[in-house]
Amino acid sequence: MKRRTLIAGLGSLTVSSSLAVGSGAFTSVSAERNVSVAVADDAYAFLRLNERGSGERSEIDGGTLKFNIPGDDEDQYPSGNPTDPDGLGTDSVYRFGEDAAHDQSGLFAVRNQGTQPVEVYSTQDSTAGVPTVTMFDVDSGDLLTENSPSSPLGVGAGPLVCGLEIDTHGVPIQDEAYDIELTINAVATDGD
Amino acid sequence: MGRVSASGVQCPRECPNEVSTPMQRRKFIAGLGSLAAAGAAGIGTGAFTSVQANRSVSVSVAGDDAALLALDPDPDGDGTNESENTDYISWSGGEVSIDIDSAATVDGSGVNPNSTTQINDLFKVVNQGTQAAVVYVDPDSIDSGNQTFGGSGIMIDPQASNRPNGDYINTDSLAGGVEDDQISLTGGYDGPEYSAYQTSSSSSHDENGTDATDGTTDDALEEFVLEPGEFFDFGMYVSADDSVSDGSSISETIEIIADATRVPDSYVGDGS
């Protein structure tokens with residue numbers, strides 16, 4: 001009788017544990033599931049990047065945001081008395097908070113079209129021999145770096161209006177424009 | 001819940017179809033004994049050419065959220081998703097799909113060109129079986145042109161984070177958003193090797209995942225183990241290089257595998 005009781009006890013235990021974690025062992029399972037990925041224009045992506053203002057210091061070109069300093073249309077501004085500069089001075093720090101036309105604040109804007117609040121900042125892989133470019137928050141003036149990113153940008157919240165700070169210290173003058181890749185990072189604040 | 005049973009097995013409580021008393025069973029055992037004796041004598045009185053015995057097998061198929069290997073954003077079943085990024089998944093006929101495109105229920109309609117995007121915690125992968133299993137994604141199920149190692153254009157790699165087992169902790173300064181225990185579920189190579197998230201191609205790993213250059217230890221598979229009831233976050237790493245233009249898209253069928261036979265002999269629990 002005692003033995004039977006013990007078996008019954010085991011039986012109940014099995015039943016309750018199968019309720020908790022499922023029934024039956026498996027040796028292996030494989031499941032095929034579909035993944036689809038699309039690439040969208042920066043203006044329609046989960047991380048939305050938009051140009052701001054006229055003058056083409058910033059522009060969406062071929063789906064990606066690009067910056068040209070001076071702007072492609074810099075020779076049209078100021079209207080009526082264009083300055084048409086050749087470039088930035090060396091050993092200087094410039095801030096570009098608007099495009100050449102000064103018709104809208106910010107050089108570009110970041111909007112969160114994903115699912116989680118994100119902190120935004122820029123990084124630059126290589127600064128050797130080229131100008132150092134860092135994005136900044138036009139409203140606060142704060143540089144947005146990995147160690148000091150933007151405050152969390154909520155999903156669908158108003159855009160983070162940004163400019164670029166460009167440091168030309170130690171960068172030689174040359175006719176050809178420097179080609180720099182700036183990485184704009186947006187990282188979910190809760191680590192998921 | 002999936003369930004596989006065959007009649008004739010010993011049931012934990014009672015078998016409604018096959019009532020057997022202890023006496024009958026004892027007789028059966030004795031019968032077997034005689035047969036064995038006859039066979040040993042070489043007479044072959046019990047010979048047969050073929051036997052057909054029909055046994056019933058019942059199999060139930062469950063939705064991904066309730067299967068033995070569950071793909072479930074709400075493992076505690078309280079109706080509130082524990083996963084953060086379920087806006088990027090959809091369900092059809094009980095199967096989950098990952099929609100990193102305009103089908104996602106967000107304002108954006110895709111990843112940026114020339115970007116890397118990580119969407120972690122799309123759903124949880126839950127072991128609802130009764131044995132520990134190594135869970136991974138067959139790298140060959142991803143078209144070679146769309147693998148993050150050696151592919152181009154749009155490339156994907158499934159990721160696991162918030163894992164219960166193994167001892168890997170990311171100490172490198174990897175891209176923002178990479179979680180400390182995040183690993184590639186494909187390993188980037190052939191099978192679930194020690195494939196802590198990597199940003200560059202490496203062919204220096206042997207079949208145990210040991211890195212010839214940095215000496216990474218080969219407790220690789222422990223990182224991929226899920227014990228019954230355990231789960232990790234399933235995510236997707238997406239890279240779009242500068243050769244893709246907006247409007248490009250890919251559709252892949254990835255194969256998620258849970259294999260109890262690959263749990264390493266050295267595995268002793270949390271592995272830490």
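Scroll up for the structure.
Structural notes, computed from the coordinates. (Residues numbered from 1 in each chain as written. Chains lettered and ligands numbered in written order. Predicted model: local features only at pLDDT ≥ 70, side-chain atom pairs only at ≥ 80, totals over all residues. Heavy atoms only, no water.)

## Here we look at the interface of chain B and chain A
Argument step 1. Facing 67 residues of chain B, the contacting portion of chain A comprises 42 residues.
Argument step 2. Across the chain B/chain A interface, buried area totals approximately 4600 Å², and carbon plus sulfur atoms make up 52% of it.
Argument step 3. When the buried surface of chain B facing chain A is broken down by residue, B:Glu84, B:Asn112 and B:Asp246 rank first, second and third, together holding 11% of it.
Argument step 4. When the shortest N-O distance is used, the salt bridge between A:Arg33 and B:Asp64 registers 2.4 Å.
Argument step 5. Linking chain B to chain A there are 26 residue pairs in polar contact (both at pLDDT 80 or more).
Argument step 6. Of all elements in the fold, only strand S3 (69-72), strand S5 (95-100), strand S6 (115-127), strand S8 (154-161), strand S11 (231-240) and strand S12 (249-259) of chain B reach the threshold of two or more residues within the side of chain B that touches chain A.
Argument step 7. Counting residues per element, the side of chain B that touches chain A draws most heavily on S12(B), at 11 residues.
Argument step 8. Inspection of the sheet shows strand S1 (residues 28-38) of chain A paired to S12(B) by 11 bridges, in the antiparallel sense. Pairing of A:Val35 across the sheet is with B:Glu252, part of S12(B). (Contact = heavy atoms within 4.5 Å. Buried area = accessible area lost by both parts, 1.4 Å probe. Salt bridge = Lys/Arg side-chain N within 4 Å of Asp/Glu carboxyl O. Polar contact = N/O pair within 3.5 Å; in protein donor to acceptor, adjacent residues only side chain to side chain. Helix = DSSP H or I, 4+ residues; strand = E, 2+ residues; numbered from the N terminus. Pairing = 2+ DSSP bridges.)

## Details of the sheet that holds S6(B)
By way of backbone hydrogen bonds, the strands of a sheet pair with one another, either parallel or antiparallel.
All names here are of chain B.
Argument step 1. Here we have 5 strands laid out as an open sheet, ordered S3-S6-S11-S8-S9, and antiparallel in their pairing. Here the strands that pair on one side only, and so sit at the sheet edges, are S3 and strand S9 (183-184).
Argument step 2. Pairing between S8 and S9: 2 bridges, direction antiparallel. Along S9, the bridge assignment pairs glutamine 159 with serine 184.

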